[in-house]
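Chains, contacts and geometry: an overview
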Amino acid sequence: MSLIAITPKPPYFAVIFTSTRTEGDNGYGDMANRMVELALQQPGFLGIESAREDVGITVSYWADLDSIKSWKVNSEHLDAQKTGRKSWYDSFKVRISKVERDYGI
């Protein structure tokens, strides 16, 4: 998988997840990898980009809002969200936006 997601011609949607972590891994790395594997199986999933230093930023790309809604309520993803609130994150924010234009090299 490329570090920069290969996305279709807009419009499409981006879910931007920013977070600060608690100390230690506590299973976070394995779950993060599993969430990517699971997202790849979801209808409407287009790609993902992620980076972490002091603040983690993960952007996932989706074909439409219904795909995002389905991902949010996926049972395994719900379990990960619950554990994240309890064990992995000091703080987080989710933003959903419509991509109107993209370009690059």
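These notes cover the structure that comes with them. (Residues numbered from 1 in each chain as written. Predicted model: local features only at pLDDT ≥ 70, side-chain atom pairs only at ≥ 80, totals over all residues. Heavy atoms only, no water.)

The tally for this structure, following the rule as stated, stands at eight aromatic pairs. Their ring planes at 70° and their centres at 5.1 Å tell us that phenylalanine 45 and tryptophan 62 sit as a pair that is edge-to-face. Pair noted here: phenylalanine 45 is in strand β2 (residues 45-52) and tryptophan 62 is in strand β3 (residues 56-62), with a separation of 17 residues, a long-range link. Note on accessibility: phenylalanine 45 and tryptophan 62 belong to one class, buried. By the ring-pair criterion, three or more aromatic residues cluster together here, those being Phe17, Tyr28, Trp88, Tyr89 and Phe92. Here the guanidinium or amino end of arginine 21 rests over the ring plane of tyrosine 28, the centre of that ring lying 3.9 Å away. (Phe/Tyr/Trp six-rings, centres within 6.5 Å; stacked < 30°, edge-to-face > 60°. Helix = DSSP H or I, 4+ residues; strand = E, 2+ residues; numbered from the N terminus. Buried < 20%, exposed > 50% of the residue type's maximum accessible area, 1.4 Å probe, protein only. Lys NZ or Arg CZ within 6 Å of the ring centre and 35° of its normal.)

Quick look at unusual backbone geometry now. Look at the link from proline 10 to proline 11: it is a cis peptide, with omega at 10°. On the secondary structure map, proline 11 appears in the segment before β1 (12-21).

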